[in-house]
Amino acid sequence: MEQEIVKLVQSGKDALVVGGSNGVGLAVAHVLSQYCHVVVIDKVAPAIPLPGSDFIQFDLTEPDFSLFDGIRPVDKLIVTAGFGRLALFKDYSEKLLVNMMSVNATAVMRIIWHFYPRLLSADNFYCSVMGSIAGFMSSPFFAVYGASKAALKIFIESLNVELLKSGTDNRILNVSPGSLKGTAFNGQDNDLSQVIPFAEELIIRMMKKEDLFIPQYEEVYRQVLKRYVTDFRAEGIRSYEYKQNSGRLK
């Protein structure tokens with residue numbers, strides 16, 4: 001896998017990882033930093049040192065995104081920023097609701113907007129966005145999070161058609177996993193040893209300009225999505241009870 005990454009990644013241009021300080025973003029930045037210069041944009045500094053990289057502190061709830069226009073030369077854009085809270089909707093504050101939709105969905109769309117001319121060009125540009133399997137189905141206890149990821153799903157699918165019809169072969173990869181071990185998503189510590197294999201596959205698929213990556217699709221999610229399409233009400237109840245008994249609720 002390492003030789004394949006080296007062959008694909010070494011384009012001579014930089015990579016930008018938005019949300020590269022923890023979890024999947026940190027793993028992606030760590031892998032890419034071995035082969036190219038990486039710029040990490042996040043609210044906090046990376047949890048581990050990333051030699052040969054630069055860090056720019058930025059909060060995705062800020063109103064001005066013009067800093068994304070000045071980051072060059074970049075031909076790899078990976079957006080993993082986002083957060084969720086496993087809780088019933090009645091336990092959300094209005095502020096949390098607004099911030100989650102803003103960071104997880106609107107901010108991602110704004111970032112893509114700033115780089116869209118590069119995606120539309122004939123030059124190679126590689127892009128991936130962290131979605132979630134929760135964006136493909138109802139997800140009780142994750143209603144707002146799932147809604148934000150569903151927005152990204154439709155956004156990415158729509159743009160990929162526009163890119164296709166424009167004549168470019170550049171695409172946006174929708175990366176939509178279920179729960180991932182080794183990330184800080186649920187308040188746990190980062191464990192890169194568990195996340196790096198996933199990050200490597202993400203990079204390879206992005207560099208091949210694929211448009212959808214659902215880990216464990218054949219093993220798990222093909223049947224889950226089939227059940228959802230057959231009876232979304234019954235699958236929603238199953239999802240509710242699964243999360244209720246998972247031990248992840250606090």
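Further up the page is the structure itself.
Criteria and cut-off values
Residues numbered from 1 in each chain as written. Predicted model: local features only at pLDDT ≥ 70, side-chain atom pairs only at ≥ 80, totals over all residues. Heavy atoms only, no water. Helix = DSSP H or I, 4+ residues; strand = E, 2+ residues; numbered from the N terminus. Rg over C-alpha atoms; globule rule 2.2 N^0.38 Å. Buried < 20%, exposed > 50% of the residue type's maximum accessible area, 1.4 Å probe, protein only. Contact = heavy atoms within 4.5 Å. Expected span 1.5 Å × (residues − 1). Pairing = 2+ DSSP bridges. Axes fitted to C-alpha atoms, helices over the stretch in contact; angles between N-to-C directions. Parallel < 35°, antiparallel > 145°, perpendicular 65-115°, else oblique. Left-handed = near helix turned anticlockwise from the far one by under 90°. Nonpolar A, V, L, I, M, F, W, Y, C, P; charged D, E, K, R; others polar. Core = buried A, V, L, I, M, F, W, Y, C linked by side-chain atoms within 4.5 Å. Right-handed = clockwise from strand over helix to strand, strands pointing away. Disulfide = S-S within 2.5 Å.

J.: I'd like to hear about the overall build of the protein, residue by residue, with values.
T.: Assigned secondary structure in the protein consists of 7 helices and 7 strands. Ordered by position in the sequence, the α and β elements of the protein form the string α-β-α-β-β-β-α-β-α-β-α-β-α-α. Against the compact-globule benchmark of 18 Å for 250 residues, the protein has a radius of gyration of 18 Å, which places it among compact chains. If one aligns the C-alpha atoms of the protein with their principal axes, the spans along those axes are about 50 × 40 × 35 Å. In the protein, which comprises 250 residues, the proportion classed as buried is 48%. For the protein, the proportion of contacts with a sequence separation of at least 24, taken over those separated by at least 6, is 67%.

J.: Go over helix α5 (residues 192-207), please, and point to the residues and values.
T.: A rise of 1.5 Å per residue sets the reference length of α5, with its 16 residues, at 22 Å; its end C-alpha atoms lie 21 Å apart and thus fit the reference within 8%. Residues of α5 that are buried include every one of Leu192, Val195, Ile196, Phe198, Ala199, Leu202, Ile203, Ile204, Met206 and Met207, and no others. Lys209, located one to two residues past α5, shows a positive phi value of around 65°.

J.: Go over the sheet that holds strand β2 (residues 38-42), please, and point to the residues and values.
T.: Across the sheet, which stays open at both edges, the 7 strands sit in the order β3-β2-β1-β4-β5-β6-β7 with parallel pairing between neighbours. Across the chains shown, the open sheet's two edge strands, defined by having one partner strand only, are β3 (53-57) and β7 (212-213). Sheet analysis places β2 next to β3, joined by 5 bridges and oriented parallel. Following the sheet pairing, Val39 is matched in β3 by Asp54. This element, helix α3 (residues 94-120), spans β1 (14-18), β4 (74-79), β5 (126-130) and β6 (172-175) of the sheet and lies at about 160° to β4. Across the face of the sheet, helix α4 (residues 143-166) comes into contact with β5 and β6 while running at roughly 155° to β6.

J.: Now, about the packing of helix α2 (residues 23-32) against α5: what can you tell me, with residues and values included?
T.: One can describe the packing of α2 onto α5 by two numbers: an axis separation of 8 Å at closest approach and a directional angle of 70°. The orientation of α2 relative to α5 falls into the category roughly perpendicular. Crossing of α2 over α5 shows right-handed handedness. For the pair α2 and α5, the contacting residues are Gly23, Val24, Leu26, Ala27, Val28, His30, Val31 and Leu32 in the first and Leu192, Val195, Ile196, Phe198, Ala199, Glu200, Leu202 and Ile203 in the second. Looking at the contact of α2 with α5 residue by residue, the class counts come to 13 nonpolar, 2 polar and 1 charged.

J.: Give a description of the nonpolar core that names residues and reports values.
T.: Ranked by internal contacts, the top residues of the largest apolar core, which has 30 residues, are Leu16, Val18, Leu60, Phe68, Leu77 and Ile112. Listing elements by their share of this core, those giving two or more residues are β1, β2, β4, α3, β5 and α4. Non-local contacts of Phe68, meaning those with residues more than four positions away in its chain, are made with Leu16, Val18, Ile41, Phe58, Leu60, Ile111, His114 and Phe115. Within the second largest apolar cluster, 29 residues are counted, among which are Ala15, Ala27, Met130 and Ile203.

J.: Give a description of the pairing of β1 that names residues and reports values.
T.: Within β1, 5 of the 5 residues are buried, leaving the element largely enclosed by the surrounding structure. The two faces of β1 match: Asp14, Leu16 and Val18 on one face and Ala15 and Val17 on the other face are all buried. One ladder, built from 5 bridges, connects β1 with β4; its direction is parallel. Within β4, the residue paired with Ala15 across the bridge is Lys76.

J.: So what about the pairing of β5? Which residues, and what values?
T.: Here β5 lies mainly inside the structure; 5 of its 5 residues are buried. On β5, burial covers both faces: Tyr126, Ser128 and Met130 on one face and Cys127 and Val129 on the other are all buried. Bridge analysis of β4 against β5 gives 4 bridges, and the strand direction is parallel. When the bridges of β5 are listed, Leu77 appears paired with Cys127. Read from β4 through α3 to β5, the crossover connection turns out right-handed. Crossover handedness for the path β5 to α4 to β6: right-handed.

J.: Just give me the short version of the state of the cysteines, but keep the residues and values in it.
T.: A full pass over the atoms with the stated rule returns 0 disulfides. Not engaged in a disulfide, the cysteine Cys36 finds its nearest cysteine sulfur in Cys127; these two sulfurs lie 15 Å apart. Residue classification places Cys127 among the buried positions, given a relative accessible area of 0%.

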